[in-house]
Amino acid sequence: HGGFVNYDRDRKKMYNAIVDTTNEIARKYGFDIIPCGDAIENARDLPEVKEGGEYTLNRDGFHLSLDYGRDLAALVMNKYFTGTNPIDVEYEPEDTDSKVIGKLKEIARDTVAR
């Protein structure tokens with residue numbers, strides 16, 4: 001994406017700028033933050049989804065993949081809104097690796113403090 005150059009093509013720098021801006025707006029207007037981005041960032045350290053890993057969280061470089069990425073975001077939102085422990089969610093997207101989904105469920109659980 002052309003805008004990535006604004007962050008010196010550094011994913012962590014871009015993530016930190018997003019977090020700073022999001023926190024500022026949330027404080028200003030009294031919004032809660034659903035930590036989907038935090039969960040995605042936390043999952044990027046998994047060997048299976050790191051750049052060049054067997055699986056990916058993105059489908060085109062910036063939109064979440066239809067399987068792993070969106071599943072993680074959905075697990076976070078479900079935990080945030082309902083309090084359901086992601087580990088207890090039985091659904092897994094078709095053609096996904098259960099071990100990786102299990103790790104994503106743990107990340108969702110650990111990322112949502114509510």
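This one's a predicted model, so the numbers in the text were calculated from it and none came from an experiment. (Residues numbered from 1 in each chain as written. Predicted model: local features only at pLDDT ≥ 70, side-chain atom pairs only at ≥ 80, totals over all residues. Heavy atoms only, no water.)

Points about the confidence of the model for the chain
Detailed reading of the predicted model is not advised wherever pLDDT is low.
Stage number 1. Predicted confidence across the chain gives a mean pLDDT of 89, with 92% of residues reaching 70 or more.
Stage number 2. Mean pLDDT values over the elements of the chain span from 91, in helix H1 (residues 11–29), up to 97, in helix H3 (residues 68–82). (pLDDT = per-residue confidence, 0-100. Helix = DSSP H or I, 4+ residues; strand = E, 2+ residues; numbered from the N terminus.)

Concerning the pattern of salt bridges
Stage number 1. Within the structure shown, the criterion is met by four salt bridges.
Stage number 2. Lys 12 is the partner of Glu 41 in a salt bridge, and the nearest nitrogen-oxygen pair spans 3.3 Å. Of this pair, Glu 41 sits in helix H2 (residues 36–43) while Lys 12 sits in helix H1; the two residues are 29 residues apart in sequence, bridging distant segments of the chain.
Stage number 3. For the salt bridge of Glu 41 with Arg 44, the shortest nitrogen-to-oxygen distance reads 3.9 Å.
Stage number 4. Its relative accessible area of 6% is what places Glu 41 among the buried residues.
Stage number 5. Arg 44 sits in the partly exposed class, given a relative accessible area of 21%.
Stage number 6. Here the salt bridges share partners, and the residues they tie into one network are Lys 12, Glu 41 and Arg 44. (Salt bridge = Lys/Arg side-chain N within 4 Å of Asp/Glu carboxyl O. Buried < 20%, exposed > 50% of the residue type's maximum accessible area, 1.4 Å probe, protein only.)

A closer look at the side chain of Lys 105
Stage number 1. Counting through the fold element by element, Lys 105 comes out in helix H4 (residues 98–111).
Stage number 2. It turns out Lys 105 is buried and unbridged, and the closest side chain with the opposite charge, Glu 92, is 4.2 Å from it.
Stage number 3. For Lys 105, the residues in contact, after removing those within four places along its chain, are Leu 75, Pro 86, Ile 87, Val 89, Glu 90, Tyr 91 and Glu 92. (Lys, Arg positive; Asp, Glu negative; His and termini not counted. Contact = heavy atoms within 4.5 Å.)

Brief notes about a nonpolar patch on the surface
Stage number 1. Where nonpolar side chains cluster on the molecular surface, the patch consists of Ile 25, Tyr 29 and Phe 31 and spans about 330 Å² of accessible area.
Stage number 2. Relative to the elements of secondary structure, Ile 25 occurs in helix H1.
Stage number 3. With relative accessibility at 36%, the residue Ile 25 sits in the partly exposed group. (Patch = residues over 30% accessible without salt bridge, like charges linked within 9 Å, V, L, I, M, F, W, Y side chains within 5 Å. Areas by Shrake-Rupley, 256 points an atom, 1.4 Å probe, with all protein chains shown as cover.)

Details of H3
Stage number 1. Its 15 residues place the ends of H3 21 Å apart at the C-alpha level, agreeing with the 21 Å of an ideal helix rising 1.5 Å per residue.
Stage number 2. Those residues of H3 lying buried are Tyr 68, Gly 69, Asp 71, Leu 72, Ala 73, Leu 75, Val 76, Lys 79 and Tyr 80.
Stage number 3. As for H3, its buried residues are in contact with H2 and H4.
Stage number 4. Looking at the residues trailing H3, positive phi occurs at Gly 83, about 80°. (Expected span 1.5 Å × (residues − 1).)

A short note on the packing of H3 against H4
Stage number 1. With their axes 9 Å apart at the nearest point, H3 and H4 run at an angle of 35° to one another. Handedness of the crossing formed by H3 with H4: right-handed. Seen from H3, the contacting residues are Tyr 68, Asp 71, Leu 72, Leu 75, Val 76 and Lys 79; seen from H4, they are Val 100, Ile 101, Leu 104, Lys 105, Ile 107, Ala 108 and Arg 109.
Stage number 2. For the contact of H3 with H4, the class distribution of residues is nine nonpolar, no polar and four charged. (Axes fitted to C-alpha atoms, helices over the stretch in contact; angles between N-to-C directions. Left-handed = near helix turned anticlockwise from the far one by under 90°. Nonpolar A, V, L, I, M, F, W, Y, C, P; charged D, E, K, R; others polar.)

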